[in-house]
Amino acid sequence: MRLAILTVLSETQECKFSTLRDELKLTDGNLNRHLRVLEQASLLQVVKGYEGRRPTTWLRLTRQGRAALRAEIAALEQLVSRVRDASTAHLNNDTDAP
């Protein structure tokens, strides 16, 4: 879920808590817990303020968060490549299998 949070935040300069919550179909408490972990790791910034008279929380991906997301995507791409290579090798070696 934290990867999904970083991904959604990477699509914009900032995002409201409620928008992210609705997009990812999370409860307030569940999203809050993930955000705390990501904020403590300096991957996102939480900005509290008001929109009119209504309290609002905005979320922003930090430079470190963008770098971490890129690194995670690169690692996932390597894993996907390994799975594809293994599947191709398995199919090529399985021609005699019943």
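Here's what I pulled together on the structure shown here.

Thresholds, definitions, all that
Residues numbered from 1 in each chain as written. Predicted model: local features only at pLDDT ≥ 70, side-chain atom pairs only at ≥ 80, totals over all residues. Heavy atoms only, no water. Salt bridge = Lys/Arg side-chain N within 4 Å of Asp/Glu carboxyl O. Helix = DSSP H or I, 4+ residues; strand = E, 2+ residues; numbered from the N terminus. Buried < 20%, exposed > 50% of the residue type's maximum accessible area, 1.4 Å probe, protein only. Pairing = 2+ DSSP bridges.

### Concerning the pattern of salt bridges
And then number 1: Under the counting rule described, the total for this entry stands at four salt bridges.
And then number 2: For the salt bridge of Glu-14 with Arg-60, the shortest nitrogen-to-oxygen distance reads 2.8 Å. Taken together, the positions of Glu-14 in the loop between α1 (2-10) and β1 (15-16) and Arg-60 in strand β3 (residues 54-61) put the pair 46 residues apart, joining distant regions of the chain.
And then number 3: Note that Glu-51 is salt-bridged to Lys-16, the shortest N-O span being 2.8 Å. Taken as a pair, Glu-51 in strand β2 (residues 44-51) and Lys-16 in strand β1 lie far apart in primary sequence, 35 residues in all.
And then number 4: The exposure class of Glu-51 is partly exposed, given its relative accessible area of 39%.
And then number 5: Because the salt bridges share partners, they merge into one network encompassing Arg-21, Asp-22 and Asp-28.

### Structural notes on the pairing of β3
And then number 1: Sheet topology note: the β1/β3 ladder contains two bridges and is antiparallel. Directly across from Cys-15, in β3, lies its bridge partner Leu-59.
And then number 2: Summarising the sheet, β2 and β3 pair through eight bridges and their orientation is antiparallel. Across the sheet, residue Val-46 finds its bridge partner in β3, namely Leu-59.
And then number 3: Counted along the chain from β2 to the antiparallel partner β3, the turn is two residues long, and its residue Gly-52 has a positive phi close to 70°.

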